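Secondary and tertiary structure notes
For reference, the chains in residue letters:
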Amino acid sequence: MTDLIQAAAAKRVAELVDELNKHRRAYYEGNTVLISDAEYDAMLHELQVLESQHPELITGDSPTQTVGGAANQAFAPVEHLERMMSLDNVFSFDEFKTWAERAGSGPYLCELKIDGLAINLRYLNGQLVSAATRGDGVVGEDVTANVLTIASIPKKLAGKNHPAQVEVRGEIYFALDDFAKLNAGLVAEGKAPFANPRNSASGSLRQKDPKVTATRPLKMLVHGIGAWPDAPAANQSEMYALLKSWGLPTSDRVSVVNTVDEVLKYIADFEAHRHDLEHEIDGVVVKIDNLARQRELGFTSRAPRWAIAYKYAPEQVNTKLVDIKVSVGRTGRATPYAVVEPVKVAGSVVEFATLHNQDVVKAKGVLIGDTVVLRKAGDVIPEILGPVIELRDGSERAFVMPSTCPACNSPLAPSSEGDVDLRCQNAKSCPAQLRERIAYIGSRGVLDIEALGYVAATALTQPIAPEGAGLKSEAKLFDLTLDDLLPIRTTVLDADSGLPKLDEDGNPKIVEFFKKKDGTPAEVALKLLRNLEDAKTRPLWRILVALSIRHVGPVAARALASHFGSLDEIFGATEAELSEVDGVGPTLAQSLTEWIAVDWHKEIIDSWRAAGVVLEIEGHAGPGASTNDGIFSGMSIVATGSLKQFTRDQIEEAIISNGGKAASSVSKKTSFVIAGENAGSKLAKAEELGVEVIDEDEFIKRLAK
């Protein structure tokens, strides 16, 4: 039995070494990713476990014993003065605590783990003489000519008293906005796009012609040093400060902390706010700050013992693009979306991903049938970053945008000259548009009708029986009765795709949504009618937002409601009068006047008024009369982080109803910032600018005054 176990382990180790090395070559030498980081990490972990159980199976070419990949023969080899190591990974707080127990107590230096390409810069007496990729850790590729085109990397160090020789290590990366623009440009030129920002950074730096690299907006941040005999610093953080004084790009997000709990807080804070950053990160790097202790701890065969990478849960995976379909939203906008093979990412199974519009599909260079890189940023709708070109087999096909609406067969066309979006021209009767508008009315940010969710909106707008049931427009929403609701039978649709959900037999799932099996009203029916009655007295600005007028969001609606005081005054104003309102402008003013000129839109307002919906602000003195004479009058206030006693809508309502402006970003004009738990970049910006920061309790005290 022991021999059989040994043979099985040897076979599996050989398979894993071959597979992992194949993907390392693709990653380090081919600038491409054939599998997701999560799949790679899982295979590497399995290999580490097997090798720990059977150390006699460890070979010299095992990925657990080596760093990076071989240098590309297209570039001259450069031998690093000091070996460029990799980093070991941990994936949980418990695993990090185990590492910290081995490494010893702080101070710890914490920095973001940028998903880019490692670079080694060699300076002689302050002059850049070579730049090389990691390669296998000993020998890298000479990319000096290309690095000289990167504006943020100094060719000559600032200041004085530079060492005779020093190696500076860092990460070269692509900002997310620059990555999107680069791919769009490549596709427009008929070239293959990059699958993700890391590949784009690697491919851009390793161009044979430096002139091509010069056109790519690459950036760099320093994350360490290599050879530097007798470095004049006791800690790595001091080293960073010295490198910064020489003009080298260092991160302002580096933090030195003393305890493990403080490290874990840093990790958690940036995990919560990782999508506020201008570049992608896949974790946090934690180092012992003291350089003498770093030397004492030393290295394994491939990684320092004094540093560890805490890897976040993967938010990028590879999956198959099965199809591209088109959905229609509440303003008629036709949006392509991807149907992908179900895949788990960021804690949930994803089957659909956004593609925005037909130009974005073209810019990303994706074909139906591609293996694609899919990204899910927290709670944000999943999106496709790009295709894995190397895995194409010729069966893929291009997406063709339809010319008619998939919901009602009406023409799709731009609503105005220069509009890249195509819109269904059947605004009144398109069932998809009506469903989305009704669901929007019920959403928390509009009329907050709890029982009017997506399924209820579908039932009301697309009943399959009886004939004539349901809503034909928003006009009769507030006239609904139990007699209207109970007979309705409907197909249940998926909220992401708009496609019918299927029952156990594979048929569309049909329900009597508002009625129990015994024929009595379901709680959702009774609750909907109660919610609708409550919604009749919502603030005027919310009623205005509920009309789904293009360009009219909460900020503009609040300004209009505050200035005019009633819907009659708003829709009776001229474009010039509307444009004078702060935050409105000519485009939005034109949208308002065009909307009210449509007969069936007027029917909505008349019907809502007849049903008892309040369409004015009680006691408002008329156009131009301010209702914002509260304690925050004239103040710009920003709320950030998680608040305990307010939702995001409630804190904004409290600010605005007391005369203030609920701003979304911090500037010198910000009066103060309300900071809750896990406040991130906005809090840091406020502290940098010297803007007053208060907590939730202090805000409540000021409200009471």
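The next thing to look at is unusual backbone geometry. Following Gly-106, the chain continues to Pro-107 via a peptide bond in cis, the omega torsion being 10°. Mapped onto the elements, Pro-107 comes out in the loop between α3 (93–103) and β3 (108–114). In this structure, Asn-125 takes a positive phi of about 50° despite not being glycine. With respect to the secondary-structure elements, Asn-125 resides in the loop between β4 (117–124) and β5 (127–133). Look at Asn-409: it is not a glycine, yet its phi comes out positive at around 65°. Within the element layout of this structure, Asn-409 appears in the loop between β16 (383–387) and β17 (412–413). With relative accessibility at 60%, the residue Asn-409 sits in the exposed group.

Let us now look at the pairing of β16. Most of β16 sits inside the fold, with 4 of its 5 residues counted as buried. Sheet analysis places strand β15 (residues 371–375) next to β16, joined by 4 bridges and oriented antiparallel. The partner of Val-372 across the bridge, within β16, is Pro-387.

With respect to topology, 4 strands assemble into an open sheet ordered β23-β22-β24-β25, the strand pairing being parallel. Two strands close off the open sheet at either side, each with one partner strand: β23 (661–663) and β25 (692–694). For this sheet the average axis-to-axis angle between neighbouring strands, irrespective of direction, equals 30°. Note that strand β22 (residues 636–640) and β23 share 3 bridges and pair parallel. Its bridge partner being in β23, Ser-636 is matched across the sheet by Lys-661.

Their axes nearest at 10 Å, the elements helix α5 (residues 176–188) and helix α6 (residues 197–205) cross at an angle of 70°. Here α6 runs roughly perpendicular to α5, going by the angle between their axes. Viewed along their axes, α5 and α6 form a crossing whose handedness is left-handed. Residues Leu-176, Phe-179 and Leu-182 of α5 touch α6, and the partners they reach there are Pro-197, Ser-200 and Ser-204.

A few words on the pattern of salt bridges. A complete count under the given rule lists 27 salt bridges for this structure. The salt bridge partner of Lys-113 is Asp-282, with a shortest N-O separation of 3.4 Å. Residue Lys-113 is located in strand β3, and its partner Asp-282 is located in strand β10 (residues 281–288); the two are separated by 169 residues in the primary sequence. Taking the shortest distance from any N to any O, the salt bridge between Lys-265 and Asp-269 comes out at 2.8 Å. Placement of the pair is Lys-265 and Asp-269 together in helix α9 (residues 260–272), with a separation of 4 residues, close to one helical turn. Each member of the salt-bridge network shares a partner with another, and the members are Glu-280, Arg-375 and Glu-383.

Okay, helix α21 (residues 599–610) next. For α21, built from 12 residues, the straight-helix expectation of 16 Å at 1.5 Å per residue is met to within 8% by its first-to-last C-alpha distance of 17 Å. Taken together, the buried positions of α21 are occupied by Trp-600, His-601, Ile-604, Ile-605, Ser-607 and Trp-608. Here the buried residues of α21 occupy an arc of 165° about the axis, which is enough to place them on one side. Structural note: α21 exposes Asp-599 and Ala-610 on the side pointing more than 90 degrees away from its buried face. In the core, the buried residues of α21 are packed alongside α12 (431–442), α16 (540–546), α18 (567–572) and α20 (585–596).

Here the focus is the sheet that holds strand β19 (residues 463–465). With antiparallel pairing, the 3 strands of this open sheet are ordered in space as β19-β20-β21. A single partner strand is all that each edge strand has here, and the edge strands are β19 and β21 (510–511). Direction of pairing for strand β20 (residues 489–491) relative to β21: antiparallel, over a ladder of 2 bridges. Within β21, the residue paired with Thr-491 across the bridge is Ile-510. Running at roughly 50° to β19, helix α13 (residues 454–461) makes contact with β19 and β20 of the sheet.

What follows covers the nonpolar core. The biggest cluster of nonpolar side chains holds 62 residues, and the ones touching the most others in it are Leu-544, Leu-560, Leu-567 and Phe-571. Elements represented by at least two residues in this core include exactly α12, α13, α15 (523–535), α16, α17 (554–564), α18, α20 and α21. For Phe-571, the residues in contact, after removing those within four places along its chain, are Leu-544, Leu-547, Ile-549, Leu-592, Trp-595, Ile-596 and Ile-605. The next biggest cluster of nonpolar side chains, apart from the first, holds 38 residues, and it includes Ala-131, Phe-174, Trp-228 and Tyr-240.

A separate point is the packing of α12 against α13. One can describe the packing of α12 onto α13 by two numbers: an axis separation of 8 Å at closest approach and a directional angle of 135°. Considering the angle they form, α12 stands oblique to α13. Between α12 and α13 the crossing geometry is right-handed. Contacts from Leu-434, Arg-435, Glu-436, Ile-438 and Ala-439 of α12 reach α13 at Tyr-454, Ala-457, Thr-458 and Thr-461. Residues of the contact of α12 with α13, tallied by class, amount to 5 nonpolar, 2 polar and 2 charged.

Taken as a whole, this structure holds 14 aromatic pairs when the rule is applied. With a centroid separation of 5.4 Å and an interplanar angle of 40°, the aromatic rings of Trp-228 and Trp-246 are classed as tilted. With Trp-228 in the loop between β8 (219–225) and α8 (236–245) and Trp-246 in the loop between α8 and β9 (255–257), the pair connects residues that are 18 residues apart, well separated along the chain. Each member of the pair Trp-228 and Trp-246 is classed as buried.

Quick look at α17 now. At 3.6 residues per turn, the α-helix brings residues three or four places apart onto the same side. By the burial criterion, the buried members of α17 are Ala-556, Ala-557, Arg-558, Leu-560, Ala-561, Ser-562 and Phe-564. Contacts from the buried residues of α17 go to α16, α18, α19 (575–579), α20 and α22 (648–657).

Conventions and cut-offs
Residues numbered from 1 in each chain as written. Predicted model: local features only at pLDDT ≥ 70, side-chain atom pairs only at ≥ 80, totals over all residues. Heavy atoms only, no water. Helix = DSSP H or I, 4+ residues; strand = E, 2+ residues; numbered from the N terminus. Buried < 20%, exposed > 50% of the residue type's maximum accessible area, 1.4 Å probe, protein only. Pairing = 2+ DSSP bridges. Axes fitted to C-alpha atoms, helices over the stretch in contact; angles between N-to-C directions. Parallel < 35°, antiparallel > 145°, perpendicular 65-115°, else oblique. Left-handed = near helix turned anticlockwise from the far one by under 90°. Contact = heavy atoms within 4.5 Å. Salt bridge = Lys/Arg side-chain N within 4 Å of Asp/Glu carboxyl O. Expected span 1.5 Å × (residues − 1). Arc of directions from axis to C-beta. Core = buried A, V, L, I, M, F, W, Y, C linked by side-chain atoms within 4.5 Å. Nonpolar A, V, L, I, M, F, W, Y, C, P; charged D, E, K, R; others polar. Phe/Tyr/Trp six-rings, centres within 6.5 Å; stacked < 30°, edge-to-face > 60°.

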